[in-house]
Amino acid sequence: MSFISRMGSVFNSLEIPPCAVKSSFEDCGEMNKHFKTEYTATVQNIGAEYEGNIKKDKAAVLPDIPKLTVTNPSRLQRLRPASVTGTVASILLDPVNESTTLFCTEINASGRSSSPPLSQNKFVMTTPEKSPSLTPQQTFQTFDIPPSPTEFSPFKLDAIRKINSAIKNLDYESICSIVESCNVPIPGALGPHPSLKPEDPPIVVASTLLKGPSKTFALKAIKYFLIKGACPDICDHSGYSAFHWAAVLGSVEGMRVLHEGKADSNIKCMYSGETPLHRACRYGKFEAVSALLSEFGADPCSLNREANQPLDVVATHVGSSNAKATVNARDSVRTLFFSIKPSMATLILYHPDCLDHRTVEGHQESPRRINAILKHLMDENNFEPNELKFCDAFPRASFETVRRAHSSKYVRFVYKLSQRFLCKTPRSSRRIEAFTPRVQEEVQHLPTSKSKPQNSCDTNFSNGSLSASLRSAGSVCFAIDKVIKGENRNAFCVVRPPGHHAGWDGYVAQSVSCGFCIFNSVAIGAMHALSYHQEIIKRIAIVDIDVHHGNGTEEIIKKINRPDQLFFSSIHLFDENFYPGSGESDSIEFNIVNIPIAPIWRFRNQNNFSDFPKSYESDGVTGRHAFKNQIVQRLLPSLRAFNPDLVLVSVGYDAAKYDIGNKREGNRNGDVGMDLSKDDYFWAVSQLKSIANLVCKGRLVMVLEGIHA
Ligand SMILES: [Zn+2]
C-alpha cells in the first residue's frame, strides 16, 4: 500500500467522505511519477474538496473554519468526544522544512468550530527526498486512531480506586456493586500488570490476569465489562488491547470470549503496529498462534511498523536466541505456521535439465554448485518441515516467452546452434563449444579477427545448454505465476546457466565475454509478468546483488525502454580489469540505479600503513560496510519510491569471502574485493523482503546467478 493510501486510512478515521479518500487512492500512480509535486497537490486537494463540501452545505452556520494543527495520536483521540459531529482534515507538505502538518477542525452540534484549539503541536513526517539515508520504516510512519479512553471525573476516580482494590483481591462481587452504584459506564482501574496506568481501561487490565489462578476471575470480569458496554477494542496507554494481552499470555479462552464480544482479532497497536498474532508469535505461544490462525481469522501477512510479518518475529521475546526454550518455541511455532498456512512456504524450483548444461573440466560454473545448494536446502536440520516447497514440475520457457527479452535473430541462433549437436555421432555430440565468438560472429557479424579467441573463451555451449537455459527461464516465469496467485509467498529458482550478463543480442558490446550466460532468465520473467499479469503487476523492480554488474539485464531494460514499468538496480564491484567493466553510473532516464563498490584490493595496495586498510573498510569506503551502507542509502530508498508490484532479485553469492568472484582477476589466491559474510547476505535479502512486504504483499522471486566452485 502506498504512503498516500495509508494516509487515506487516517482520513477515514477522521470521517472524511469516501470520495476524498478514493481520490487519494486513484492518484497514487501519478504521484509516484512526480513524487514531490503531485504529493503536495493531491493532499491539498483532498482537504480543499471536503472543506468545500462543508462550506456549501452549512454556509449559513459556518462563517469561517479556523485551522487546528494536531500532532500526536493521543491528541487525535481527544478530537472525538460525543458532541463533535464532524472533523475536517487537510494536510500541508512543507518541502523546505521537510515536514508535513495535519490540520484538523472540529465542528460541534451547533455547527461552530470548537474553541479554543485543543493542541498546537505538530505531527511531522519527513519527506524521502530530503533524507535518503533514512530507512523506509523511518520514512513512512503512519498511525491508526484507536477508540478514545474515557475521561474521568473526580467522583469516578474515587470509584476506580475502589475497583482497583477489588481487582487486586480478585473480588468480583465488589467490582459489580461499585460499578452498579456509581453508574460508571466504562470504569478505569489500576491493574496488576506493572506496566498499566490508572487511566487504562479495566477490560484491558482484567485481560492481564488471564493466566494462572486468576484466570477464572479475569474471564468473568471481561465478560462483565463487555455486557456493561465496554469497547472490546479499547487500548491501554501502550496501544495494546485485551486481545493483544490474551494472545501474549497464550489464553485461547480469553481470546474466544473477546472474539464473541466482537473484538478485532487483527487490531494493530498504534505504536508498534503489531497484531495479536505478532504478539503470540514473539512470545512463542503455540496454542494462541494455532487458534488465531485457524479459529479467529488472524491475518498471517499483516505488517508491524518494521514491515515484519508475524512469522518474521517468532520467538524473539522468549529468551536468548540460542537458549533451548527459544529454539523449541521457534521450531514449534514456525512448523505450525507452515502446516496451517502452506502458502507461507518458500517455493524452491530446480530441474535435472539444468545439470545437462556442461562446461569444460575445472570450470567455475559447473553443475556442482546447484547440487551443493540443493543439498543444504534439503537438509531437514536447516529448515522447518513444510517451510520450503520443492518443485521440479514446470515447463521450459517457449520461444515467444524468451523473445520478449532477446532479439529474434539471437534466439534463433541459439536454437540453431543446439540443432548442430543432434546429427553428430555420440562422441562429437558431447563436444563443448566456445559460445562468445560464435555469438559475436554469427549474431553481431564481427570479423573473426575481432571476436574472442576460441581457446580463451569461458562461456560454454553443449548439447544440453538450450534445454537448461529454457528450463531456467521457465522456472522464473513459473515462480512468478505462483507468487502472484498467492500460492507461495516467495520463491527461489536454483537454476543454471546464469543469465544476467546476457543482453538483447546475447553478447553485450564492450564486455569481454558472455559471462557464462545464454538467456537472461530474470528479464524474461519480468516481461512474462508484465504480459500475463498486467491487471496486478504494473511495475517490476529487478535488483542484482551478484558481485558483477548485471550488464545484460541493464541492456535489455534500456532496449525495452519502459521506465514507468521497470526499475533496475545493480550493486557490484567496479574496478579496472574487473568483469564486465560497466555499471559505473546511473541511467536515470531508464530508471537504472547502478551502485559501484570500490574493491578492497585498491586500498590495501595503495598505502604502506597497516592501519589504513581497516579504516577504509570500517568507514564504508570499500568492502562489506560499503555494500551495506549503499543498500541503505541508495538502493532501498529508490526501490521504495518506485513502489513495485513485484520484486525480482538476481542473487549471486560470488561476493562471499571464499568465492573466486571476490578475488582480483579471478585468481584464486588473488586479493579480495568485497568479502561478504553469510550474515551480510541474510541481512541484504531481509532488507529486500521488508520492502516487498511493505509495497507488494511480500511478492519476491530470487534467481540464482553467480556462485563459484
Ligand atoms: Zn557474478
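Residues numbered from 1 in each chain as written. Predicted model: local features only at pLDDT ≥ 70, side-chain atom pairs only at ≥ 80, totals over all residues. Heavy atoms only, no water.

### Describing the UniProt feature "repeat: ANK" (unreviewed entry) in the protein
No. 1: In this structure's numbering, the residues bearing the UniProt feature "repeat: ANK" (unreviewed entry) are residues 272-305.
No. 2: Counted over residues 272-305, helix gives 47% and strand 0%. Its end C-alpha atoms are 6 Å apart. (UniProt positions renumbered as here; feature names shortened; annotations may be inferred. Helix = DSSP H or I, 4+ residues; strand = E, 2+ residues; numbered from the N terminus.)

### Quick word on the packing of aromatic side chains
No. 1: Taken as a whole and assessed by the stated rule, the structure comprises 13 aromatic pairs.
No. 2: Pairing Phe399 with Tyr415 gives two aromatic rings, centres 5.4 Å apart and planes at 70°, and the pair type is edge-to-face. Here Phe399, found in helix 17 (residues 399-403), pairs with Tyr415, found in helix 18 (residues 408-419); they are 16 residues apart in sequence, far enough to count as distant.
No. 3: Every member of this aromatic cluster is reached through a ring pair, and the members are Tyr410, Phe413, Phe435, Phe461 and Phe519.
No. 4: Here Lys628 stacks its cationic end above the ring of Trp683, 5.1 Å away from the centre of that ring. (Phe/Tyr/Trp six-rings, centres within 6.5 Å; stacked < 30°, edge-to-face > 60°. Lys NZ or Arg CZ within 6 Å of the ring centre and 35° of its normal.)

### Considering unusual backbone geometry
No. 1: Omega for the peptide link from Arg496 to Pro497 comes to 0°, which places this bond in the cis form.
No. 2: Within the secondary structure layout, Pro497 lies in the loop between strand 8 (490-493) and helix 21 (521-532).
No. 3: The residue after Tyr579, namely Pro580, is reached through a cis peptide bond having omega -5°.
No. 4: Looking at where Pro580 falls in the secondary structure, it is placed in the loop between strand 10 (566-573) and strand 11 (592-597).
No. 5: A positive phi angle is found at Ala307, which is not glycine, with a value near 60°.
No. 6: If you trace the backbone, Ala307 turns up in the loop between helix 14 (286-294) and helix 15 (324-340).
No. 7: By relative accessible area, Ala307 is classed as buried at 1%. (Buried < 20%, exposed > 50% of the residue type's maximum accessible area, 1.4 Å probe, protein only.)

### A short note on the sheet that holds strand 11
No. 1: Strands sit in the order 5-4-8-13-12-9-10-11 across an open sheet of eight strands; the sheet is parallel. Each of the sheet's edge strands pairs with one partner strand only, and the pair in question is strand 5 (388-391) and strand 11. Neighbouring strand axes in the sheet, compared pairwise and without regard to direction, differ in orientation by 15° on average.
No. 2: As defined by bridge partners, strand 4 (residues 346-349) adjoins strand 5 across four bridges and the pair is classed as parallel. By the bridge assignment, Leu349 is partnered in strand 5 with Cys391.
No. 3: Contacts between helix 22 (residues 551-560) and the sheet are confined to strand 9 (540-544), strand 10 and strand 11, with strand 10 contributing the most and set at about 155° to the helix. (Pairing = 2+ DSSP bridges. Axes fitted to C-alpha atoms, helices over the stretch in contact; angles between N-to-C directions. Contact = heavy atoms within 4.5 Å.)

### What about the packing of helix 20 (residues 465-484) against helix 21?
No. 1: Their axes nearest at 8 Å, the elements helix 20 and helix 21 cross at an angle of 40°. In terms of axis orientation, helix 20 runs oblique to helix 21. Pair helix 20 / helix 21 crosses with right-handed handedness. The segment helix 20 lies against helix 21, with Ser472, Ala473, Val476, Cys477, Ile480 and Asp481 engaging Ser521, Ile524, Gly525, Ala526, His528 and Ala529.
No. 2: When its residues are assigned to classes, the contact of helix 20 with helix 21 shows seven nonpolar, four polar and one charged. (Parallel < 35°, antiparallel > 145°, perpendicular 65-115°, else oblique. Left-handed = near helix turned anticlockwise from the far one by under 90°. Nonpolar A, V, L, I, M, F, W, Y, C, P; charged D, E, K, R; others polar.)

### Some remarks on the side chain of Ser407
No. 1: Mapped onto the secondary structure, Ser407 falls in the loop between helix 17 and helix 18.
No. 2: A relative accessible area of 7% means that Ser407 is categorised as buried.
No. 3: If near-sequence neighbours (up to four positions away) are discounted, Ser407 is found in contact with Trp504 and Asp505.

### Describing the packing of helix 10 (residues 215-227) against helix 12 (residues 252-260)
No. 1: Running from N to C, helix 10 and helix 12 cross one another at 10°; their axes reach a closest spacing of 10 Å. When the interaxial angle is binned, helix 10 and helix 12 end up roughly parallel. Facing helix 10, whose interface residues are Lys215, Leu219, Ile222, Lys223 and Leu226, helix 12 presents Glu253, Gly254, Val257 and Leu258.
No. 2: Looking at side-chain class alone, the contact of helix 10 with helix 12 contains five nonpolar, one polar and three charged residues.

### Some words on the pairing of strand 9
No. 1: Counting buried positions over the five residues of strand 9 gives five, a clear majority of the element.
No. 2: Because side chains alternate across strand 9, one face comprises the buried residues Ile540, Ile542 and Asp544, and the other comprises Ala541 and Val543, equally buried.
No. 3: Bridging between strand 9 and strand 10 involves five bridges; their strand directions are parallel. Note that in strand 10 the partner of Ile540 across the bridge is Leu566.
No. 4: You can see the chain leave strand 9, run along helix 22 and come back into strand 10, and the turn it takes is right-handed.
No. 5: Alignment of strand 9 against strand 12 (residues 646-651), held across five bridges, turns out to be parallel. Residue pairing across strands places Asp544 opposite Ser650, the latter belonging to strand 12. (Right-handed = clockwise from strand over helix to strand, strands pointing away.)

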